[in-house]
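These are the residues of each chain, in order.
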Amino acid sequence: MFLEFDIDTIRKGDLESFRPFFEKYTLILRRFALKYLADEDYVKDVVQDTMVRFWERRHKFYDTSAAISFLFVTTKNSIFDELRHQKVVSNYVFNYMGVADLQSDFQFFDEDAMAELYLRLEYEVAHLPRRTQEIIRLKLAGFQMMEIAEILNIGRETVKTLQRSGMEKLQKAMKPLHELYISHQEELSL
């Protein structure tokens, strides 16, 4: 069941209003982070830090959707920091693009090129419409269509349509990367 949150009272610092929001999104963010990080203690720290950051900035959020987006983006950024540290960013990037089977083919990219690839992908995601960004990020975090609809309080068909549209735009935007790979492979075979 979707819980409605009174973001206005949370923004004003009402802890009783914040408690159900905190409890629900702490669980969701932990689930999200555990899909990428195996260290449960580290995940607890990441989620706690995210919630503290939210609380410190609560006055900036005028709707629940913006608050939820902040939680996921902040958690995602902490996850990426750890993944970079573990030198496994490439795994996530290729899974994010839906081309995990090509990952080994992209080994010619060095760490700087992978970081650039990630930044390009993040740039493209950030330029999708706000609701589409939220859907794409939740879907790629492993949430099912019904869960996304519940979290964002929108219909399943809306989720499906916006997800399809967003992924098509990302694939089109990232197509030059694939062409770069093909041309590099052709140069290597000469």
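Enquirer: I keep staring at helix H7 (residues 130-140) and nothing clicks. Help me out?
Expert: For an α-helix the count is 3.6 residues per turn, leaving residues at separations of three or four pointing the same way. Considered for burial, the residues of H7 that qualify are Thr132, Gln133, Glu134, Ile135, Ile136, Arg137 and Leu138. A positive backbone phi angle near 105 degrees is found at Gly142, which sits one or two residues after H7.

Enquirer: It is not clear to me how helix H3 (residues 40-57) should be interpreted in this structure. Could you clarify?
Expert: Taking 1.5 Å of rise per residue, the 18 residues of H3 would be expected to cover 26 Å, and the 26 Å separating its terminal C-alpha atoms lies within 8% of that figure. Of all the residues in H3, the buried ones are Val43, Val46, Val47, Thr50, Met51 and Phe54. Seen from one end, H3 has its buried residues packed into an arc of 130 degrees, which puts them on one side. Along H3, the residues that are exposed and aim more than 90 degrees away from the buried face are Asp41, Gln48 and Glu56. Where H3 starts, the residue carrying a side-chain oxygen 3.1 Å from the main-chain nitrogen of Asp41 turns out to be Asp39.

Enquirer: How do you make sense of the confidence of the model for the protein when you look at a structure like this?
Expert: Keep in mind that low pLDDT regions are not for reading the predicted coordinates in detail. Residues at a pLDDT of 70 or more form 71% of the protein, whose mean pLDDT is 78. Least confident of the elements in the protein is helix H5 (residues 89-97), whose mean pLDDT is 51; most confident is H3, at 93. Across residues 99-108, where pLDDT falls below 50, the model places 13 contacts with residues more than four positions away in sequence or in other chains.

Enquirer: I would appreciate a short explanation of the side chain of Thr75 in the present structure.
Expert: Along the chain, the position of Thr75 falls in helix H4 (residues 64-85). Those residues in contact with Thr75 that lie beyond four places of it in its chain are Leu29, Phe32, Ala33, Val46 and Thr50.

Enquirer: Looking at this structure, how should I read the nonpolar core?
Expert: Note on soluble globular proteins: their nonpolar side chains tend to be buried together. Phe21, Tyr25, Phe54, Leu71, Phe72, Phe143 and Ile151 are the most contacted members of the largest nonpolar core, which has 32 residues in total. Looking at this core, the element that brings in the most residues is helix H2 (residues 15-34), giving 7 residues. If sequence neighbours within four positions are ignored, Phe21 has contacts with Phe5, Ile10, Met51, Phe54, Ala67 and Leu71. Formed by 6 residues, the second largest nonpolar core is a distinct cluster that contains Leu121, Val125, Leu128 and Ile136.

Each value, and the rule that gives it
- Residues numbered from 1 in each chain as written.
- Predicted model: local features only at pLDDT ≥ 70, side-chain atom pairs only at ≥ 80, totals over all residues.
- Heavy atoms only, no water.
- Buried < 20%, exposed > 50% of the residue type's maximum accessible area, 1.4 Å probe, protein only.
- Helix = DSSP H or I, 4+ residues; strand = E, 2+ residues; numbered from the N terminus.
- Expected span 1.5 Å × (residues − 1).
- Arc of directions from axis to C-beta.
- Polar contact = N/O pair within 3.5 Å; in protein donor to acceptor, adjacent residues only side chain to side chain.
- pLDDT = per-residue confidence, 0-100.
- Contact = heavy atoms within 4.5 Å.
- Core = buried A, V, L, I, M, F, W, Y, C linked by side-chain atoms within 4.5 Å.

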